[in-house]
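# Architecture at a glance
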Amino acid sequence: MVSGITIERSKLTEEWIAIAVTGEIDLATVGDLDTAMDQVLADGDQSLVVDLNGSSFMDSTGLKALIMADRRFGGAGRGFAVAVGSGPISRLIDLSGVRGSLRVVDSADDVM
Amino acid sequence: MSHEVAAPGPHTGIDPALEARLGALGRLVRLSATLFSVLALLGLVFPVFAEIPPGPVLVRHLDPASGLSLTALSIAALLAGTMTPMRRRRVWRRVGLAVSLLVALFGVFIIVIFLGDRRDLWWGLTVEIPAFSVGIVLFALGLAIPLSASRVESRVLAGQVGALLTFSLTAVIFLGYAYGDPSVGRLFLQPAISVQASLMSVLIAIGVFLFRPSIGLLSTASSPGAGGKLLRRFGPPVLLVPAVLIFVAEAFPTSERVDALAFIAVGLGLVLLVLLAVVVRAIDQTAIEAATSAAHAERARIGLEQEAPVVSRLAEVLHVVSVDDAEGWDVATRFRPGRGSVAGDASGVRTLPDGSIGVVLVDITGHGAEPAIRAVAVRDLLLHSIALGLSPADAMSRVHWHARPDSLASAIVMRVVPSTGSAELSSAGHPPSILVTSQTAKLVIPTGPLLFLDPSTEYESVNLELGPGDAIVLFSDGVADVQRSANGRTEPEALAAMLVAERGVATRTADLVLGFADAEPSDDQTVVVLRRSL
């Protein structure tokens with residue numbers, strides 16, 4: 001199956017890894033996002049920021065994936081953040097009340 | 001009705017209890033071979049056995065070179081195997097493998113000097129050189145040990161074939177001695193392998209063959225597949241080919257070069273055995289794959305058969321309306337499942353014991369029967385809570401104990417007093433609702449975060465007033481999503497704009513809303529409309 005999202009991983013600092021997601025995150029593509037996040041969790045002891053500024057839509061399964069990843073990283077004593085400026089996904093984060101539970105920043109560089 | 005479909009495992013699979021028994025037997029045989037080898041070695045050092053007259057006896061003279069080599073081979077088989085006390089010490093296993101390889105090299109050395117007629121290179125000229133057959137045994141078993149002890153299936157197979165072939169050859173020699181005709185065991189050229197050497201070799205061969213019974217030839221032989229049948233039918237005859245041909249060659253010598261005929265017999269037997277092993281394994285793997293695919297398909301079919309009525313029945317209970325006695329109000333719900341099955345939307349509109357109307361809409365993340373069941377449970381808990389007198393906000397706050405760590409939900413809980421039109425609404429991260437009045441259609445924004453996100457959340461309510469002709473429209477994100485745009489607005493805003501001045505009955509409004517939504521949704525679409533009549 002052709003994935004509807006692209007995920008690029010980059011190293012921001014010694015402490016932070018960023019994965020930038022473009023495309024729509026839904027039931028069909030959320031597995032790829034989950035895999036990428038778990039890969040970072042398994043690879044070392046770095047924190048993760050998921051950059052959604054290139055993504056135009058995320059359904060509730062994507063939101064759930066982020067919250068569960070936040071719990072996994074938190075459980076491992078590592079940082080987790082979501083980078084989303086103003087836009088559709090930001091509205092979802094506001095309306096679902098997740099902004100209080102997740103660390104949400106405007107851009108990936110803001111985590112530093 | 002339940003079905004069980006058995007599928008073969010990754011290998012043809014030997015019964016674990018039988019595998020354990022075979023493994024134990026292998027260890028016992030290897031230990032016996034080792035003890036016997038040490039005994040034979042002692043016979044070399046202390047010439048007690050030299051007094052025993054020659055003949056078909058268990059222990060007789062064994063030349064030092066072959067005695068030393070076979071002893072090393074036996075110990076190697078023991079160390080490289082799976083002796084429980086040694087399993088924790090990998091170093092012994094490695095020592096065993098290294099020794100067995102050295103023995104194999106020694107076997108090659110013997111073969112080479114024998115073929116080149118350079119016996120003087122080994123043990124001087126005073127002691128009888130080990131037989132050519134001993135060289136073959138050392139080489140074959142010395143290689144078979146590390147192969148059979150490997151975790152790679154093909155190597156185990158090759159090692160076991162080598163061990164079986166050695167077993168076949170040395171068993172012939174041993175039987176020759178047992179029947180009092182050592183010449184039967186005279187392979188190729190003099191001198192023959194001695195009786196205790198042949199017995200040792202047989203023991204080592206059996207012990208090596210029983211390394212890893214679950215992934216070697218035994219697993220295929222025990223398979224119900226075509227390969228298993230083939231091996232069971234033709235394996236024993238092929239194994240006996242060298243023995244039979246040697247007997248024939250010895251009994252009816254047709255030329256002076258009878259050993260050449262025996263050589264061909266042995267070579268032919270080896271080729272046949274290897275071919276048989278490879279072919280039956282390939283056949284059996286194919287049979288396993290076919291059987292596994294068929295079993296998976298059968299499981300899927302049964303799963304569908306079993307789940308279809310459940311899903312169908314679920315769809316009937318996902319959305320319930322029971323407000324028959326609410327005069328002056330009409331209710332409509334619409335539901336369109338996403339991806340051709342049920343997902344996590346559930347709704348309920350019911351008259352509560354105090355005469356008010358309770359409305360609940362829940363959307364659990366995920367698709368399939370499991371989130372649908374969860375959605376129904378959460379919906380009923382919320383309805384039950386407000387039926388007991390809790391406010392919508394308190395109902396939201398208290399339902400958290402029902403959380404599961406891998407689940408999130410958005411929800412709306414509303415209580416409407418039919419006589420006054422006053423309503424109290426609490427929303428947990430759900431898309432906005434739309435309050436349609438005579439002049440406007442306003443979005444009612446969520447009052448709290450998603451359910452099950454944070455156990456300490458205390459939800460709040462908003463109070464609404466529904467006058468005659470007013471309606472409240474609840475919908476899930478499959479209908480209108482705040483992230484998507486329509487006509488330059490977010491979808492909920494565009495939907496609200498469409499509903500301004502909508503004065504129809506609830507069913508008409510619900511149809512309008514569903515008409516706004518994507519007709520082939522990827523997510524569940526639920527609409528609940530509650531309208532106060534004029």
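Computed from a prediction, not measured in an experiment: that's the story for all the values here. (Residues numbered from 1 in each chain as written. Chains lettered and ligands numbered in written order. Predicted model: local features only at pLDDT ≥ 70, side-chain atom pairs only at ≥ 80, totals over all residues.)

Residue and element names in this part refer to chain B. Read from one edge of the open sheet, five strands run S2-S13-S10-S7-S8, paired in antiparallel fashion. Strands with a single pairing partner mark the edges of an open sheet, and in this sheet they are strand S2 (329–336) and strand S8 (441–444). Each strand axis lies, on average, 15° off the axis of its neighbour in the sheet, ignoring direction. As judged from the four bridges shared by strand S7 (residues 433–436) and S8, these two strands associate in the antiparallel manner. Considered in S8, the bridge of Val436 is made with Ala441. Seen against the sheet, helix H13 (residues 491–499) touches S7, S8 and strand S10 (471–475) and runs at an angle of roughly 150° to S8. Here helix H14 (residues 506–516) sits on the sheet in contact with S2, S10 and strand S13 (525–532), set at roughly 150° to S13. (Pairing = 2+ DSSP bridges. Helix = DSSP H or I, 4+ residues; strand = E, 2+ residues; numbered from the N terminus. Axes fitted to C-alpha atoms, helices over the stretch in contact; angles between N-to-C directions. Contact = placed C-beta atoms within 7 Å.)

A few words on the pairing of strand S4 (residues 357–367) of chain B. Look at any regular strand and the pattern is simple: side chains alternate between the two faces of the sheet. Residue and element names in this part refer to chain B. Summarising burial for S4: 11 of the 11 residues are buried, a large majority. For S4 and strand S5 (residues 409–416), the ladder comprises eight bridges, and the chain directions are antiparallel. Among the inter-strand pairings, Val362 is bridged to a residue of S5, identified as Ala411. (Buried ≥ 20, exposed ≤ 12 C-beta atoms within 10 Å, placed from the backbone.)

Let us now look at the sheet that holds strand S1 (residues 5–11) of chain A. Residue and element names in this part refer to chain A. Spatial strand order, S1-S2-S3-S4-S5: five strands in an open sheet with mixed pairing. The sheet is open, and its two borders are formed by S1 and strand S5 (104–105), each paired with just one other strand. Relative to S5, strand S4 (residues 80–83) runs parallel, the two being bridged by two bridges. Looking at the pairing, Val82 lines up with Val104 of S5.

All names here are of chain B. With respect to the helices, strands and loops of the structure, Ala377 is situated in helix H11 (residues 369–387). In this structure Ala377 comes out as partly exposed when scored by C-beta crowding, with 15 C-beta atoms within 10 Å. Between the C-alpha atoms of Ala377 and Leu318, which are 59 residues apart in sequence, the distance is 9.8 Å.

Residue and element names in this part refer to chain B. In this structure, Ala411, Leu451, Val473, Val529 and Leu530 are the most contacted members of the largest nonpolar core, which totals 93 residues. Sorting elements by how many residues they give to this core places H11 first, with seven residues. Here Leu530 is in contact with Trp329, Val331, Val349, Ile357, Val359, Val416, Ala471, Ile472 and Ala506, once residues within four sequence places are set aside. Listed in part, the 66 residues of the second largest apolar core include Ala80, Ala104, Leu169 and Val238. (Core = buried A, V, L, I, M, F, W, Y, C linked by C-beta atoms within 7 Å.)

Right, let's get into the interface of chain B and chain A. Taken together, the contact pairs 22 residues of chain B with 19 residues of chain A. In terms of residue count, the dominant contributor to the side of chain B that touches chain A is S4(B) (four residues). Across the side of chain B that touches chain A, the residue classes tally to seven nonpolar, nine polar and six charged. (Nonpolar A, V, L, I, M, F, W, Y, C, P; charged D, E, K, R; others polar.)

All names here are of chain B. Unusually for a residue other than glycine, Arg212 sits at a positive phi of about 45°. Mapped onto the fold, Arg212 is located in the loop between helix H7 (195–209) and helix H8 (217–221). Among the residues examined, Arg212 registers 25 C-beta atoms within 10 Å and is labelled buried. Phi is positive for Phe452, which is not a glycine, with a value near 70°. With respect to the helices and strands, Phe452 occurs in the loop between S8 and strand S9 (462–465).

What follows is about the confidence of the model for chain B. All names here are of chain B. Mean pLDDT over chain B works out to 78, with 74% of the residues at or above the 70 mark. Counted against residues more than four places away or in other chains, residues 55–59, with its pLDDT under 50, gives 13 contacts. Across residues 187–191 the pLDDT falls below 50, and counting only partners more than four positions away or on other chains, this stretch makes 12 contacts in the model. Listed scores for the predicted complex are pTM 0.53 and ipTM 0.83. (pLDDT = per-residue confidence, 0-100.)

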